[in-house]
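Here are the chains, one letter per residue:
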Amino acid sequence: MRQSKPLSQVEEIFVKDRIRIFNSVLKILSNRELAEDVVHDAYLKVREAGATLAITQPSAYAFRVARCLAIDRYRRRALETGLFAGESEEGQGVSYTTPERIEIGREELRLVSKAMEALPSRTRRAFELYRMGGYTQREVAEQLGVSTTLVNFMIRDALSHCRSALLND
Amino acid sequence: MNNENGNDAEWQAALDWLMRMHDGELDDAGHRELHAWLAASPTHRDAFREAERLWTLTGLLPPKDK
């Protein structure tokens, strides 16, 4: 479908630097099959993002997205593993069906990006450090010289604001 | 279903879980608690799914140029 179009810069990074991206993801997941899946997932998402958002540093961006997705997958697996192992009675028979791969659309990306731009710059900075920087709330608080409570509030605010942008569209 | 500011209790609880998960705070007991919370109501599961979706979407945004 999109075959005839030239690759975006970020997509090209995935082609050229695939092995390095794979290795950085593998370091997080320690499982080749999973790592391959995450790299592919990252590629699909980056393709949508590259077509929708202005990405000024494609290489840094490609690596960061892949790393973030790997960390998310790692945490998610810990949750799912516990789901099958910890036979809590309430947990039985409840299928927790969030797909590991979350499909994203361009319109959603556009709306969320717009919503994020409307946030106060400190809130946005706190969220970026937390979300993309991989810092904990406490670490973000230290970096910004504010309380952890405030960081917690700013992260909630950022996500809630993006959510409203999608709901109200 | 939700108020405009996204301040409903389930959404906020889902954010709590999401952030605890991201902070790497969830040990086995924490995971069991989260499972129990998810199992307790489909609205909890919906809220958590939505939070994860927003989390994924925001993870794709390029950082603002400093």
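Refer to the structure printed above.
Calculation notes
- Counting restarts for each chain, with residues numbered from 1 along the sequence as it is written.
- Naming scheme: in the order in which they are written, chains are lettered from A and ligands are numbered from 1.
- Reporting in this predicted model follows two pLDDT cut-offs: at least 70 for local features of residues, and 80 or more for side-chain atom pairs to be given and counted; totals over whole chains, interfaces and linings ignore these cut-offs and use all residues.
- Hydrogen atoms and water are omitted, and side-chain values are computed over all heavy atoms in the structure.
- The numbering of helices and of strands both runs from the N terminus, where a helix is a DSSP run of H or I of at least 4 residues and a strand a run of E of at least 2.
- Throughout, exposure labels follow a simple rule: accessible area from a 1.4 Å probe, protein chains only, divided by the maximum for the residue type, with under 20% read as buried, over 50% as exposed, and the rest as partly exposed.
- By definition, residues are in contact when any of their heavy atoms lie within 4.5 Å.
- Per-residue accessibility takes into account occlusion by the displayed protein chains alone, with areas from the Shrake-Rupley method and a 1.4 Å probe.
- Each Phe, Tyr or Trp ring (for Trp, its six-membered ring) is paired with any other whose centre lies within 6.5 Å, and the angle between the two planes then decides the class: stacked below 30 degrees, edge-to-face above 60, tilted in between.
- In short, buried area is how much 1.4 Å probe accessible area vanishes from two parts on joining, totalled over both.
- Think of a salt bridge as a Lys or Arg side-chain nitrogen and an Asp or Glu carboxyl oxygen that are within 4 Å of each other.
- Here a polar contact means two N or O atoms within 3.5 Å. Within protein one must be a hydrogen donor candidate and the other an acceptor candidate, and residues neighboring in sequence count only if both atoms are side-chain atoms.
- Only Asp, Glu, Lys and Arg are considered charged, only Ala, Val, Leu, Ile, Met, Phe, Trp, Tyr, Cys and Pro nonpolar, and every remaining residue, Gly among them, polar.
- In this description, a nonpolar core means a group of buried Ala, Val, Leu, Ile, Met, Phe, Trp, Tyr and Cys residues linked to one another through side-chain atoms lying within 4.5 Å.
- An automatic or database domain assignment supplies the start and end points of every domain.

Engineer: If you had to explain the overall build of chain A to someone new, which residues and values would you point to?
Structural biologist: A count of helices and strands for chain A gives eight helices and zero strands. When its helices and strands are written in sequence order, chain A yields α-α-α-α-α-α-α-α. Taken over 169 residues, chain A has a buried fraction of 48%. Put simply, of all contacts in chain A between residues at least 6 apart along the chain, 65% involve residues at least 24 apart. Surface accessibility of chain A: about 9,000 Å² in total, with carbon and sulfur atoms responsible for 51%.

Engineer: Tell me about the packing of aromatic side chains, and please be specific about residues and values.
Structural biologist: Counting across every chain of the model gives three aromatic pairs over all chains. Where phenylalanine 14 of chain A meets tyrosine 43 of chain A, the ring centres are 5.8 Å apart and the plane angle is 65 degrees; that geometry is what we call edge-to-face. Taken together, the residues phenylalanine 14 of chain A in helix 1 (residues 9-16) and tyrosine 43 of chain A in helix 3 (residues 32-52) connect sequence positions 29 residues apart. We note that phenylalanine 14 of chain A, like tyrosine 43 of chain A, is buried. Between the aromatic rings of tyrosine 130 of chain A and tryptophan 55 of chain B, the centroid separation amounts to 5.8 Å while the plane-to-plane angle is 70 degrees, which identifies the pairing as edge-to-face.

Engineer: Before we move on, could you go through the interface of chain A and chain B and cite the residues and values that matter?
Structural biologist: Opposite the 54 residues of chain A that make contact, chain B presents 41 residues. Taking both sides of the interface into account, the surface hidden between chain A and chain B amounts to around 4,600 Å²; carbon and sulfur atoms contribute 61%. Here chain A is connected to chain B by five salt bridges. Between chain A and chain B we count 19 residue pairs in polar contact (both at pLDDT 80 or more) in total. Looking at side-chain class alone, the side of chain A that touches chain B contains 25 nonpolar, 15 polar and 14 charged residues.

Engineer: Outline the nonpolar core, supporting the account with residue identities and numerical values.
Structural biologist: Residues Leu159 of chain A together with Leu34 of chain B are the most contacted members of the largest nonpolar core, which totals 65 residues. A domain-level breakdown of this core finds at least three residues from each of domain 1 (1-103) and domain 2 (105-169) of chain A. With residues up to four places along the chain from it excluded, the contact list for leucine 34 of chain B reads Leu79 of chain A together with Trp17, Met21, Leu26 and Phe48 of chain B.

Engineer: A description of the environment of isoleucine 21 of chain A should follow, citing residues and the corresponding values.
Structural biologist: Residue and element names in this part refer to chain A. Looking at the element boundaries, isoleucine 21 is found in helix 2 (residues 18-29). Its relative accessible area of 0% is what places isoleucine 21 among the buried residues. Sequence separation between isoleucine 21 and valine 65 is 44 residues; the distance between their C-alpha atoms is 9.9 Å. Beyond its immediate chain neighbours, meaning those up to four positions away, isoleucine 21 contacts Ile13, Phe14, Val39, Ala62, Phe63 and Ala66.

Engineer: Describe in detail the pattern of salt bridges, supporting the description with residues and values.
Structural biologist: Residue and element names in this part refer to chain B. For the structure shown, the criterion picks out 15 salt bridges over all chains. Its salt-bridge partner being aspartate 46, residue arginine 49 comes within 3.3 Å of it at the nearest N-O pair. One end of the pair is arginine 49 and the other is aspartate 46, both in helix 3 (residues 42-58) and three residues apart, which spans about a single turn. You can call arginine 49 partly exposed: its relative accessible area is 27%. Overall, the relative accessible area of 45% leaves aspartate 46 in the partly exposed class.

Purely geometric numbers; function is a separate question.
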